[in-house]
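Topology and contacts: notes
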Amino acid sequence: MSDMSATVSVTPQGFAVAGYEKLNYDFKFIDNVFDPSKSDLANCYTKWGRVLAVMDENMKSLYGPAVQAYFDFHQLPLTIHAMPVGEKAKTIASLLGIVDAMNSFGVIRKEPVLVIGGGLVTDTAGFATACYRRNTNFIRVPTTVIGLIDASVSIKVAVNYGNYKNRLGAYHAPIHTFLDFNFLKTLPIGQVRNGFAEIIKISSCADIETFNLLDAHCEELIATHFGRADGSSKEIKEIADKICWNAIKVMLELESPNLHEIGLDRVIAYGHTWSPLHELVPQTPLRHGHAISIDMAYTATIGKELGLMTEEDHTRLLKLFSRAGLSIDHAMFTDDVLEKATAAILKTRDGMLRLATPGPLGKCTFVNEYTIENLKQILATHKTISRGHPRQGDGLEAYVDATDTGEGNKEEILKEIKDQQKNSLKELDGYPKKQVHEALADDQAPNGSMPVNGVNGHANGLSNGHASPVAVESS
Ligand SMILES: NC(=O)c1ccc[n+]([C@@H]2O[C@H](COP(=O)([O-])OP(=O)(O)OC[C@H]3O[C@@H](n4cnc5c(N)ncnc54)[C@H](O)[C@@H]3O)[C@@H](O)[C@H]2O)c1
Ligand SMILES: [Zn+2]
């Protein structure tokens, strides 16, 4: 929601307008937002007497009945528009599908569309509302870790276009965001890792307390889906809540003064310099969390070489990625990719590298002095260091699968999500710390011989070999 204020003055040759826009939007933490006894969300719709909700097809299958029951209870007729799943569906066509649903519904000016889902849905539907009558309200309910601590913290909305990620978009604030971490209970573990990577990003550059918590509880946080899986202890839930609360706060403090990204030195761009090409280059795209982890780990090696970070902190950071099952290198991260990705990012950063680097750990330094030859040398050093880490620096379930892309048979996809859920919950039997720690421990055979699903090079997914639509990301 925004208020405009402007003054008009007469100039010798015409007029000049000076104005500003005041934004108001809020975030409310609420567990089980669709519990009928909680009226917070329903209250936003009483005035309108009805609700148009946008979800993706997975979310509609998993949560559609609960959302329906909630609004039935509050006597608010509900229409759900389900958009396709996956990054490939982050298109103008999906946006127009949402616009058609808004037309059929007859959205009244100021009536907020309810957007429920991960970053893909909140970005696409958020952009549809930004375009619709030039500006229509929306309310967000993020359901992934990335959504909760990243995508739905920002006001950026977008779709991909013509091989470019987020090429068409807007800055469009929702009126409210409801943060319900209980959605994480059903989130596939690969998606939990993606979000974990983003929290490493923010904390290693801006919040050492949160970094220390991630480091102390890494395996348990992931296995318990940030303390929300059945069987999680009260302690881990409290720690996870603290981590997420901190991450959101830091993110808001860093980004709110720069909502329109006029300043290009951005702490939250750590890990988002070369990562767009990491997502693009492998035949089956790398998951975002793995692509940024590779970028973050390499950037940290640059920081260590430049003396910004101690060797000890560098090792600690790389170990954390490894313990989390995230990648720290990739065979396809070559000199050529490095060169191409550097050229691409310079275009979006006004000709400068502006490399956000943790240095020292918990603080950020922007590196601008470099030569390509020097970057290549450090990449060689980084690869040597990575080989000494578990799985030789590869990650677990590093590639997108059908649960990300939505390609393949819908029932199989839902079964896959439910199986993944069961498997991660199984890890919790008799409390996980030991088993899970062993499964991810850094003393695993470094030759990648441990029997895990989806280690780099062996995508676990139901879909294979489609080209990613992603070229250059603005994070
Ligand atoms: N606007 C921003 O500032 C910003 C920031 C970060 C990322 N993004 C965008 O977000 C997108 C990625 O979002 P994402 O990582 O949330 O992925 P996503 O929205 O594609 O969701 C990932 C998968 O998880 C499923 N899912 C979602 N919630 C679930 C739940 N609670 N239980 C079970 N399954 C669930 C989805 O159906 C999908 O299959 C990218 O397009 C990226 O560009 C935007
Ligand atoms: Zn990111």
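Sequence order as written defines residue numbering, which begins from 1 separately in each chain. The lettering of chains begins at A and the numbering of ligands begins at 1, in the order of writing. Local features in a predicted model are, by the rule used here, given only for residues with pLDDT of at least 70; side-chain atom pairs are given and counted only at 80 or more, and totals for whole chains, interfaces and linings are based on all residues.

If you look the chain up in an unreviewed UniProt entry, it shows as 3-dehydroquinate synthase domain-containing protein from Gomphillus americanus. UniProt positions are given in the numbering used here, feature names are shortened, and annotations may be inferred rather than shown by experiment. UniProt, in its Cofactor (unreviewed entry) section for the chain, records the words "NAD(+)".

The strands that make up a sheet pair up through hydrogen bonds in the backbone, lying either parallel or antiparallel. Strand order in the open sheet formed by six strands is 3-10-7-6-4-5, with parallel pairing between adjacent strands. Here the strands that pair on one side only, and so sit at the sheet edges, are strand 3 (26-29) and strand 5 (78-83). Shown here is a sheet whose adjacent strand axes are inclined to one another by a mean of 20 degrees, direction ignored. Two strands are said to pair when DSSP picks up at least two bridges between them. Each helix corresponds to a stretch of at least 4 residues labelled H or I by DSSP, and each strand to a stretch of at least 2 residues labelled E; elements are numbered beginning at the N terminus. The sheet contact formed by strand 7 (residues 138-142) and strand 10 (residues 176-179) spans two bridges and is parallel. Bridge pairing links Arg140 to Thr177 in strand 10. Between N-to-C directions, angles span 0 to 180 degrees; the directions come from axes that are lines fitted to C-alpha atoms, helices contributing only their stretch in contact.

Any residue whose C-beta atom, as set from the backbone, lies within 6 Å of a molecule or strand is reported as near that molecule or strand. Neighbouring ligand 1 are 30 residues, the closest being Asn58, Gly118, Gly119, Leu120 and Thr144. Looking at the shell around ligand 1, the elements that each hand over two or more residues are helix 2 (57-73), helix 4 (119-131), helix 5 (145-151), helix 6 (189-206) and helix 14 (402-405). Grouping the amino acids of the shell around ligand 1 by side-chain chemistry returns ten nonpolar, 13 polar and seven charged. Here the term charged refers only to Asp, Glu, Lys and Arg, the term nonpolar to Ala, Val, Leu, Ile, Met, Phe, Trp, Tyr, Cys and Pro, and the term polar to all other amino acids, Gly among them.

Angle between the axes and distance between the axes are the two parameters that describe a pair of packed helices. Direction vectors running N to C along helix 7 (residues 208-223) and helix 8 (residues 234-255) enclose 140 degrees, while the axes themselves pass 10 Å from each other. Judged on the interaxial angle alone, helix 8 and helix 7 are oblique. Helix-helix and strand crossings are classified by hand; for helix 7 and helix 8 the assignment is left-handed. Where helix 7 abuts helix 8, its residues Glu209, Thr210, Leu213, Leu214, His217, Glu220 and Leu221 lie against Ile236, Ile239, Ala240, Lys242, Ile243, Asn246 and Ala247. The scheme is simple: roughly parallel for angles under 35 degrees, roughly antiparallel for over 145, roughly perpendicular for 65 to 115, oblique for anything else. Each crossing gets its handedness from the near helix: less than a right angle anticlockwise from the far helix is left-handed, clockwise is right-handed. By the criterion used throughout, residues are in contact when their C-beta atoms, derived from the backbone, lie within 7 Å.

With C-beta atoms placed from the backbone, the exposure class of a residue follows from how many other C-beta atoms lie within 10 Å of its own: 20 or more, buried; 12 or fewer, exposed; in between, partly exposed. The element strand 7 is largely enclosed, with a buried count of five among its five residues. Burial along strand 7 is two-sided: Phe138, Arg140 and Pro142 and Ile139 and Val141, pointing in opposite directions, are all buried. Bridge count for strand 6 (residues 113-117) against strand 7 is five bridges, and the pairing is parallel. For Leu114, the partnering residue across the bridge sits in strand 7 and is Ile139. Throughout, right-handed denotes a crossover for which the path from the first strand over the helix to the second runs clockwise when the strands point away from the viewer. On the question of chirality, the crossover connecting strand 6 to the parallel strand 7 by way of helix 4 is right-handed.

Let us look at helix 2. Taking 1.5 Å per residue as the helical rise, helix 2 with its 17 residues ought to reach 24 Å, and the 23 Å between its terminal C-alpha atoms agrees with that figure. In helix 2, a bend of some 60 degrees at Tyr63 exceeds every other bend along the element, and Pro65, a proline, comes one to four places later. Where helix 2 is concerned, the buried positions are Asn58, Met59, Lys60, Tyr63, Val67, Tyr70 and Phe71. Downstream of helix 2 by one or two residues, Gln75 has phi in the positive range, about 55 degrees. A helix is expected to span 1.5 Å for every residue after the first. At any given residue, the bend is defined as the angle formed between two axes, one fitted to the seven residues that end at that position and one fitted to the seven that begin there.

Here we take up the environment of Thr334. By the element assignment, Thr334 lies in the loop between helix 11 (311-323) and helix 12 (335-348). The class for Thr334 is partly exposed, based on 14 C-beta atoms found within 10 Å. In the structure, Thr334 is positioned 49 residues away from Lys383 in sequence and 10.0 Å away in space, judged by C-alpha atoms.

Here the focus is helix 4. Its 13 residues place the ends of helix 4 18 Å apart at the C-alpha level, agreeing with the 18 Å of an ideal helix rising 1.5 Å per residue. Across the 13 residues that make up helix 4, a large majority, twelve, are buried. Burial in helix 4 covers these residues: Gly119, Leu120, Val121, Thr122, Asp123, Thr124, Ala125, Gly126, Phe127, Ala128, Thr129 and Ala130. Phi turns positive, to about 50 degrees, at Arg133, one or two residues after helix 4.

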